[in-house]
Amino acid sequence: MAKVLTSRSESYSQWYNDLVLKADLAENSAVRGCMVIKPYGYAIWEKMQAVLDRMFKDTGHVNAYFPLFIPKSFLSKEADHVEGFAKECAVVTHYRLMNSPDGKGVVVDPQAKLEEELIVRPTSETIIWNTYKGWIQSYRDLPILCNQWANVVRWEMRTRLFLRTAEFLWQEGHTAHATQAEAMTEAMTMLKVYAKFAEEYLAVPVVQGVKTANERFAGAVETYTIEALMQDGKALQSGTSHFLGQNFAKAFDVTFTNQEGKIDHVWATSWGVSTRLMGALIMAHSDDNGLVLPPKLAPIQVVIVPIYKSMEELDKISVVAKELVAKLKAKGYDVKFDDNDKKKPGWKFAEYELKGVPVRLAIGPRDLENGTVEVARRDTLTKEVMQLDGIDERIVSLLDDIQTNIYQKALDFRAASTTKVDSYEEFQKVLDEKGGFVLAHWDGTSETEQRIKDETKATIRCIPLDNEQEAGVCMVTGQPSTQRVVFARAY
RNA sequence: CGGGGUGUAGCGCAGUCCGGUAGCGCACCUGGUUUGGGACCAGGGGGUCCCAGGUUCGAAUCCUGGUACCCCGACCA
């Protein structure tokens, strides 16, 4: 088979770049740091959106939409928040262009300078809390459980398709509550939603945990995260849920009258996942032949390739194939019968492998004679001839098997890539030679965490929820510690 | 934002050192033979050589300045 991808062993990052481009997921655009998500890639994102949106609705949330632009003054109201985002904000300063005096093209009209500059949202807490102020008077107005699907802009210096782009798509939930406990429960609920989505749909096992102060979202009291492990041993933060306390309520003066008639600030959360999940999906499962997609999110779940010599043969195969397509579609699956006469079967096989289609069926003259069909599964690259009769039922269970199998594979990989260490020396050795999650004792200080980051490039990904308590000493300072935390080099 | 590399047909590249008016593979078009793992033969079309200046009789090639992408750092989801 012609090799179209750099192999993972040769260069993991090059493999990733090749794969995103060759599988037609996305490409770089004319705008620095911004990508074009191509139809095949966007179809995966749409499936993610559909599932997540359902999960949000099922947990009581509603969708709304807030402006792309945020008055500059809003951003500076919460001190930590502005500090966290100031360095990567795009700023709108003018609202009009004019013909260039030299006749070549257009220039910004200096007359059209904005009174107050507008920030292109890097996240929407500020504009939303400014809005919520008008929505909330009493505890009867609470909770507010809004989500928005939107694009945001963070002016990154170095970008990579899906993993870090200047503009990306995401959803951001913003909730307002009467009590601290309720807001905390909300942040947890959404973390669990993300974990469930990652594991059941992306087929990516995740560690749920809380971030350290160093890694916390700017403006949050606590940041909860789901951390996934990629095949190269690096961690990928795949979703975050923040307990914002009363920070934004105080910054935007959002108060309410509680049941006792007293005025209090509102409690808040925010939570989001982005097109970065595409990166997690790609890097968790795919191989040197191309994408491996979990059936639940694959745009095409089953493809049927006819093998034929004459048009008469194709016609006969089409009858069988179209019948099967109808059956599977009736069961809710996305099926494609590729009767394109311009491409040969071998080409199609390679192409659908590259694009990660979970199940490929081939039907040729031999199958018509024998009442069979060749079934190939993408995850294991194995083929089997099965009876055509009842094949739709077998495909349904096969798709389930594949979904389970790739999750199990990722889970096994994570187990094999998780190492407990008790000395700083061993820590560094494991990071360099093996990678993955490294569980170690830490004294709980930002100084030590920063030192480890400076010296090893590894960060604390999270302190797992329900973490096993275990007396020990910090591997760096020797100070007492009550539990191990998860370290890794990360994307 | 620092260091390095690369921009030549849709894609991947050679040509650049040593200046003389652009080539290879794949893809594309036409015809034929093919079709159970990226078919073959024959013919054909396609280029402001990243952009802007400069040097020169002449620039893909030399000089200056931009710009985009890739890799490695710093920053971040």
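Note that the coordinates shown come from a computational prediction; the quantities given were computed from them, not determined experimentally.

Undergrad: Break down the packing of aromatic side chains for me, citing the residues and quoting the values.
TA: Counted according to the given criterion, the structure contains 17 aromatic pairs. Ring centres of Phe74 and Phe252 lie 5.9 Å apart, and the angle between their planes is 75 degrees; this geometry places the pair in the edge-to-face category. On the criterion of sequence distance, the pair formed by Phe74 in helix H3 (residues 72-75) and Phe252 in the loop between helix H7 (247-251) and strand E14 (255-257) is long-range, its members being 178 residues apart. The same class applies to Phe74 as to Phe252, namely buried. On the numbers, 5.2 Å between centres and 70 degrees between planes, the contact of Trp129 with Tyr132 is edge-to-face. Of this pair, Trp129 and Tyr132 both sit in helix H5 (residues 125-135), three residues apart, roughly one helical turn. Judged by its relative accessible area of 0%, Tyr132 falls in the buried class. The cationic tip of Arg8 hangs over the ring face of Trp15; the distance from NZ or CZ to the ring centre is 5.8 Å. Here Lys296 stacks its cationic end above the ring of Tyr201, 4.8 Å away from the centre of that ring.

Undergrad: A description of the domain arrangement of chain A should follow, citing residues and the corresponding values.
TA: Considered domain by domain, chain A is made up of domain 1 (12-68 + 122-285), domain 2 (300-400) and domain 3 (418-488). On a C-alpha basis, the centres of domain 1 and domain 2 stand 38 Å from each other. With six residues of domain 1 in contact, the opposing surface of domain 2 contributes six residues. The junction of domain 1 with domain 2 conceals about 500 Å² of combined surface from both sides, 52% of it contributed by carbon and sulfur atoms. By the criterion of area lost to domain 2, the three top residues of domain 1 are Lys22, Tyr40 and Lys47, representing 73% of everything that side buries. Connecting domain 1 to domain 2 are two salt bridges. Between Asp24 and Lys355 there is a salt bridge, with the nearest N and O atoms lying 3.6 Å from each other. The interface formed by domain 1 and domain 2 contains two residue pairs in polar contact (both at pLDDT 80 or more). At the level of elements, helix H1 (12-22) and helix H2 (39-58) are the ones that each hand at least two residues to the side of domain 1 that touches domain 2. When grouped by side-chain class, the residues that make up the side of domain 1 that touches domain 2 number three nonpolar, no polar and three charged.

Undergrad: Tell me about the sheet that holds strand E4 (residues 69-71), residues and numbers included.
TA: Strand order in the open sheet made by the three strands is E4-E8-E5, with antiparallel pairing throughout. The sheet is open, and its two edges are formed by E4 and strand E5 (91-94), each paired on a single side. Put simply, the sheet's adjacent strands are angled 40 degrees from each other on average, direction ignored. Taken together, the three bridges between E5 and strand E8 (residues 113-120) define a ladder with antiparallel strand orientation. From the neighbouring strand, Val91 faces E8, where its bridge partner is Ile119.

Undergrad: Go over the side chain of Thr240 with me, naming the residues and quoting the values.
TA: Secondary-structure assignment places Thr240 in strand E13 (residues 235-245). Those residues in contact with Thr240 that lie beyond four places of it in its chain are Tyr194, Thr223, Tyr224, Thr225, Ser270, Trp271 and Gly272.

Calculation notes
Residues numbered from 1 in each chain as written. Chains lettered and ligands numbered in written order. Predicted model: local features only at pLDDT ≥ 70, side-chain atom pairs only at ≥ 80, totals over all residues. Heavy atoms only, no water. Phe/Tyr/Trp six-rings, centres within 6.5 Å; stacked < 30°, edge-to-face > 60°. Helix = DSSP H or I, 4+ residues; strand = E, 2+ residues; numbered from the N terminus. Buried < 20%, exposed > 50% of the residue type's maximum accessible area, 1.4 Å probe, protein only. Lys NZ or Arg CZ within 6 Å of the ring centre and 35° of its normal. Domains from an automatic or database assignment. Contact = heavy atoms within 4.5 Å. Buried area = accessible area lost by both parts, 1.4 Å probe. Salt bridge = Lys/Arg side-chain N within 4 Å of Asp/Glu carboxyl O. Polar contact = N/O pair within 3.5 Å; in protein donor to acceptor, adjacent residues only side chain to side chain. Nonpolar A, V, L, I, M, F, W, Y, C, P; charged D, E, K, R; others polar. Pairing = 2+ DSSP bridges. Axes fitted to C-alpha atoms, helices over the stretch in contact; angles between N-to-C directions.

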